[in-house]
Amino acid sequence: CFPGGVGRWTGRVEGERPGSWECSSFLIFVSCFWEAWRWLGRGLGSFGGRAGRRGRGNRSFVLFFLLAGGEVSTIEMAGFVSGGSVLATRRGGISAAPRRGRGKFYATTATPVESIPGLEVVSPEPFRGKTGIALMNIGSPASLEVKDVREYLRQFLGDGRVVDLNPILRWIVLNLFILPSRPKESAEAYSSIWDEDRGSPLIYHTEDLAVKLRERLGEGFMVELGMQYCEPNIAGAFEKFRSNGVDRIVIVPMYPQYASSATGAAVEIAYKAAAKIYNTPYLHVVPAFFDHPAYLRAYAETIRETIGQRGTKVDHLLMSFHGTPEQHCFNTDETGLHCKGDSSCCKQIVQANRNCYRAQCYETARKLAATLELAEDKYTVAFQSRLSAAGKEWIKPYTDAVIEELAEYVVSASCPAFDVTSPERRELTR
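Conventions used here
Residues numbered from 1 in each chain as written. Predicted model: local features only at pLDDT ≥ 70, side-chain atom pairs only at ≥ 80, totals over all residues. Heavy atoms only, no water. Helix = DSSP H or I, 4+ residues; strand = E, 2+ residues; numbered from the N terminus. Buried < 20%, exposed > 50% of the residue type's maximum accessible area, 1.4 Å probe, protein only. Contact = heavy atoms within 4.5 Å. Areas by Shrake-Rupley, 256 points an atom, 1.4 Å probe, with all protein chains shown as cover. Phe/Tyr/Trp six-rings, centres within 6.5 Å; stacked < 30°, edge-to-face > 60°. Pairing = 2+ DSSP bridges. Axes fitted to C-alpha atoms, helices over the stretch in contact; angles between N-to-C directions. pLDDT = per-residue confidence, 0-100. Parallel < 35°, antiparallel > 145°, perpendicular 65-115°, else oblique. Left-handed = near helix turned anticlockwise from the far one by under 90°. Nonpolar A, V, L, I, M, F, W, Y, C, P; charged D, E, K, R; others polar. Patch = residues over 30% accessible without salt bridge, like charges linked within 9 Å, V, L, I, M, F, W, Y side chains within 5 Å. Salt bridge = Lys/Arg side-chain N within 4 Å of Asp/Glu carboxyl O. Right-handed = clockwise from strand over helix to strand, strands pointing away.

A. Representation of the overall build of the protein chain within the structure. When you go through the protein chain residue by residue, the secondary structure sums to 14 helices and 13 strands. Out of the 430 residues belonging to the protein chain, those deemed buried represent 44%. Intrachain contacts of the protein chain at a sequence separation of at least 6 include 65% that bridge at least 24 residues. For the protein chain, the accessible area works out to roughly 23,900 Å², and carbon and sulfur atoms hold 53% of it.

If you want it as structure tokens, here you go:
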């Protein structure tokens, strides 16, 4: 164990105390002097220097044990094995930590660890946390009660990315004009889709998706819901991840097309929630997937079931996307030159409109039509849902106006902007 072969292993004798190291006091003194000189010259970091450079085990640590009593007893494996190295402990006496109890030191021995009687080699796997998947969507009221709908609308419409007004003006509009009457109307709309047993379709369909993802991804992943507004929210999802040792989290905004009021709001809320955690998680955000082949294939299959390939079962297909204020589209044009406020600037995705919601919607429609083999005159793109408080002018054409124009045809309506159902989709179908 010591330089020059000083010291010996007494081994374990049946019925007696565990094996121990023994050494004379003179040799202990000489070895301690030599090691003290090394430490002063190289610093404490050289404690295992030779082992790192030459692959030889550092044989000096046992001096601590011997100084404490002349011999080291109850040397136990504690989990680290590298070549001939073991992590050993001693009962009482010297401790590596500034607390009482067992000390832990790295040791080496010329004898292979596996051959030392009474020692059990333990090599635990290092901790590797799972990868978290946070499915983010807009959220839903806790119930159909007006007070719960009001709280949901307070959070939703109080978001500066949704209602892009001066904060003071937004508060006035929200609390004096919207919240007094809108919650009752919205509760009636929600009641048309609300499930008596499972509640909001937005929530339970997302929960069903989470279950499927857990089954598909396996043990290395943890999937949770994280709504932007109301429960279950993203802060609660982060807490579940934290309590399970999950630090790497993939944020999945469930909006195929990017919009500041949807994806932008989701990402901002997620970042703010993560920033409040002392050990901030590592976030990875899934970008807009409006043109992803898997998304297009899945949606095309759903639409094909109703209209048939090439739309043979209907006269016309209406692709209705959620609306957004025109100003939001203008703001995404960083050049300030491309966006014209109509479909002429959305004929293809270029750098200037790469984050434009309307341009991405038209690109989705074109690719879906190509997959379904629809002629250009067999489908129409429109935008539904307008809230005057968020902006006077919303992107056109409006769905309600287009439906009137197509009243003489057999029309099938699809909403490619939603990954799960919503009140607006059900209302559109009606």
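So that's the structure; there's more coming.
B. Representation of the packing of aromatic side chains. Within this structure, the stated rule accounts for seven aromatic pairs. Ring centres of Tyr 152 and Phe 156 lie 5.9 Å apart, and the angle between their planes is 25°; this geometry places the pair in the stacked category. Taken together, the residues span about one helical turn, with Tyr 152 and Phe 156 both in helix 4 (residues 146-157) at a distance of four residues. Comparing Tyr 152 with Phe 156, the two get one shared label, buried.

C. Seen up close, the sheet that holds strand 7 (residues 131-136). Spatially, the four strands line up as an open sheet ordered 8-7-9-10, and their pairing is parallel. At either margin of the open sheet sits one strand with a lone partner, and together these are strand 8 (221-225) and strand 10 (282-285). The sheet shows a mean angle of 25° between the axes of neighbouring strands, taken without regard to direction. Where strand 7 and strand 9 (residues 248-253) come together, six bridges link them in parallel fashion. Residue Gly 132 lies in a different strand from strand 9, and its bridge partner there is Ile 249. Its contacts with the sheet place helix 8 (residues 234-243) against strand 7, strand 8, strand 9 and strand 10, and it is angled at close to 155° to strand 8. On the sheet, helix 9 (residues 260-275) packs against strand 7, strand 9 and strand 10 and is oriented at approximately 175° with respect to strand 10.

D. Geometry of the sheet that holds strand 13 (residues 411-414). The strand order across the open sheet built from three strands is 12-11-13, with neighbouring strands paired in parallel fashion. Single-partner strands in this sheet number two, and they are strand 12 (379-384) and strand 13. Averaged over all neighbouring strand pairs, the angle between strand axes comes to 25°, with direction disregarded. Sheet topology note: the strand 11 (residues 316-322)/strand 13 ladder contains four bridges and is parallel. Bridging across to strand 13, Met 319 finds its partner in Ser 414. Contacting strand 11 and strand 13, helix 10 (residues 293-307) runs over the sheet at an angle of about 160° to strand 13.

E. How the structure looks around the confidence of the model for the protein chain. For the protein chain, the mean per-residue pLDDT works out to 78, and 67% of the residues sit at or above 70. Here residues 1-23 scores under 50 on pLDDT; set against residues more than four positions off or in separate chains, the count is 53 contacts. Ignoring residues within four places in sequence, the model shows residues 44-110, a span with pLDDT below 50, making 144 contacts including any to other chains.

F. Broad picture of the environment of Glu 301. With respect to the secondary-structure elements, Glu 301 resides in helix 10. A sequence separation of 70 residues divides Glu 301 from Thr 371, and the C-alpha atoms of the two residues are 9.4 Å apart.

G. Structural detail: the packing of helix 10 against helix 12 (residues 357-372). One way to put it is that helix 10 packs onto helix 12 with a least axis distance of 10 Å and a crossing angle of 60°. It follows that helix 10 is oblique to helix 12 by the angle criterion. In this structure, helix 10 crosses over helix 12, and the sense of that crossing is right-handed. Residues Tyr 295, Leu 296, Tyr 299, Ala 300, Ile 303, Arg 304 and Ile 307 of helix 10 lie in contact with helix 12, whose contacting residues are Thr 364, Lys 367, Leu 368, Thr 371 and Leu 372. Of the residues in the contact of helix 10 with helix 12, the class split is eight nonpolar, two polar and two charged.

H. Highlighting a nonpolar patch on the surface. On the surface, Ile 168, Leu 169, Trp 171, Ile 172, Leu 176 and Phe 177 cluster together into a nonpolar patch covering about 680 Å² of accessible area. Among the structural elements, Leu 176 can be located in helix 5 (residues 167-178).

I. The pairing of strand 10, seen in detail. Bridge count for strand 9 against strand 10 is four bridges, and the pairing is parallel. Counterpart to Val 250 in the pairing with strand 10 is His 284. For the handedness criterion, the β-α-β arrangement of strand 9, helix 9 and strand 10 is classed as right-handed.

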